[in-house]
Number of protein chains: 2
Amino acid sequence: MRKNAKFDRDQVVNKATDLYWEKGFHATSMRNLQDVIDMRPGSIYATFGSKEGLFKEALKCYTQQGIAALHACRRETSSPISALQSFVKMLVIDSQTKAPNGMCMLAKTVAELTEDNAELLEEAKNSLKQIETEFALLIADAQALGEVKQNQTPRELARYIQIQISGLRVYAKTYGQEAPLDQMIEDMFTQYPF
Amino acid sequence: MRKNAKFDRDQVVNKATDLYWEKGFHATSMRNLQDVIDMRPGSIYATFGSKEGLFKEALKCYTQQGIAALHACRRETSSPISALQSFVKMLVIDSQTKAPNGMCMLAKTVAELTEDNAELLEEAKNSLKQIETEFALLIADAQALGEVKQNQTPRELARYIQIQISGLRVYAKTYGQEAPLDQMIEDMFTQYPF
DNA sequence: AAACTTTTTGAACGATCGCTCAATTTTAAC
DNA sequence: GTTAAAATTGAGCGATCGTTCAAAAAGTTT
């Protein structure tokens, strides 16, 4: 945290994000966090202010990484829709085994928190809206390229994608390997409303 | 809890269910529960064994009430599909304002818990599967009546419904009144795959 | 109404919670 | 090399956690 603070801070926030993502806000204790980020309580509180403060940074970190991953998918293909599709597959299928938690951290947070943590709840909601906006931009591109019909707006289609992701991730966690996720995601982009 | 224990026990479990539903497993303390169910710790532990034991009963209670509500919808109309649709509207729209929490308690639990509470997690997953089975039965009826095409199995369609409900409830909590939930639920039953 | 069983009570246990702060160590400036 | 500022440490604070259990109360049996 002393010099080159930026790099260390990012690393610390990343580790905190993974723990919060895995266990959720309430089930994660400051002592858990102390262990994984290897900082003593005084330093944590000097840097992040509170358990809520660190969680808020974790939400921002998670969101930025998500958007970066989406942009990475976009860069790897000329088709906006197949970029979106491979992003969804990453979220729904790969996250099940490779991520700290199969669920979306933002959806988990929206589900977990109440008005007792209004600021964090708002942050999570806003992040979800921000991601939906990114989807809409991608879909607008796809429509401009003639990849997608224009009888629904990008916003409406982005909303549809968001709902499918949330639903599929709960479903994937519930049913584990039994769910034919791959097929379901294919259908998502070939059937109505696409 | 002394004589006629059944009635009181149901009432107690109902109140506990509402609190757990509102706040989630980890954020609900035994002292919170003591207050809302008006029992002293000794009695609670004599009756339910532990915080986990009471939560397990709450999950069962929640699931039974959900299935009972679905059957009630079925009894009020001759169309299995419109029964299903009004059930979905109840879950997604009415729950937002009238229930302890807009989210499904089972989805919330699947999202919140890890292997640290394996038994409770399994209970929640099984309840979601049980409800999906109920959906499938209703859809099979609809297919028999010619209300629904037969090119997808009841199981597949029930799965689709489950995913839409999970997704829509996260979406509803995120966007509040902004989301055109009514229209989206209509589409759900008129567009693919119905 | 005495004897016995069952249920309820609530003080209190040890553990852990989020967090503070005086003391110490590390870094930067001169 | 000295000094001032900044960052880090970790013991420990008061509060709360899930839970226990001896004592009291309520119910049942005879």
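Shown above is the structure to which this text applies.
Parameters at a glance
Residues numbered from 1 in each chain as written. Chains lettered and ligands numbered in written order. Predicted model: local features only at pLDDT ≥ 70, side-chain atom pairs only at ≥ 80, totals over all residues. Heavy atoms only, no water. Least-squares fit on C-alpha atoms with pLDDT ≥ 70 in both. Contact = heavy atoms within 4.5 Å. Buried area = accessible area lost by both parts, 1.4 Å probe. Salt bridge = Lys/Arg side-chain N within 4 Å of Asp/Glu carboxyl O. Polar contact = N/O pair within 3.5 Å; in protein donor to acceptor, adjacent residues only side chain to side chain. Helix = DSSP H or I, 4+ residues; strand = E, 2+ residues; numbered from the N terminus. Disulfide = S-S within 2.5 Å. Buried < 20%, exposed > 50% of the residue type's maximum accessible area, 1.4 Å probe, protein only. Lys, Arg positive; Asp, Glu negative; His and termini not counted.

A. Summary view of the relation of the copies chain A and chain B. It takes a turn of 180° to lay chain A on chain B, together with a shift of 0.0 Å along the axis; the resulting RMSD is 0.0 Å. Overall, the copies show the geometry of a two-fold rotation axis. Among all C-alpha atoms of chain A, that of Gly-167 of chain A lies closest to the rotation axis, at 2.0 Å. When you check the interface residues of chain A against chain B, 100% turn up at the interface there too, and the contact is symmetric in its surfaces.

B. The arrangement of the interface of chain A and chain B in detail. Counting from both sides, the interface comprises 36 residues of chain A and, opposite them, 36 residues of chain B. A buried area of about 3,200 Å², summed over both sides, lies between chain A and chain B, and 62% of it is on carbon and sulfur atoms. Broken down residue by residue, the surface that chain A buries against chain B is led by Ile-163, Thr-174 and Tyr-192 of chain A, which jointly contribute 18%. The tally of links between chain A and chain B comes to two salt bridges. Lys-129 of chain B serves as the salt-bridge partner of Glu-178 of chain A, at 3.9 Å between the closest nitrogen and oxygen. The interface formed by chain A and chain B holds eleven residue pairs in polar contact (both at pLDDT 80 or more) in total. Counting only elements with at least two residues in the side of chain A that touches chain B, the list comes to α1 (5-23), α6 (105-112), α7 (118-144), α8 (154-175) and α9 (181-190) of chain A. Here the side of chain A that touches chain B gets twelve residues from one element, more than from any other, and that element is α8 of chain A.

C. Expanded view of the environment of Leu-168 of chain B. Looking at where Leu-168 of chain B falls in the secondary structure, it is placed in helix α8 (residues 154-175). Spatially, the C-alpha atom of Leu-168 of chain B lies 7.7 Å from that of Leu-181 of chain B, the residues being 13 residues apart in sequence. Setting aside residues no more than four positions away along its own chain, Leu-168 of chain B makes contact with Ile-163 of chain A together with Val-92, Leu-181, Met-184, Ile-185 and Met-188 of chain B.

D. Highlighting the state of the cysteines. Residue and element names in this part refer to chain A. By the definition in use, this model includes zero disulfides over all chains. There is no disulfide at Cys-73, and the cysteine sulfur nearest it, in Cys-104, is 15 Å away. Take Cys-104: it sits in no disulfide, and the sulfur closest to it among the cysteines is that of Cys-61, at 13 Å.

E. Spatial organisation of the side chain of Glu-123 of chain B. All names here are of chain B. In this fold, Glu-123 is placed in helix α7 (residues 118-144). The buried charged residue Glu-123 lacks any salt bridge partner; its closest oppositely charged side chain belongs to Lys-56, at an N-O distance of 4.4 Å. Those residues within four positions of Glu-123 in sequence are excluded, and the remaining contacts are Lys-56, Leu-59 and Lys-60.

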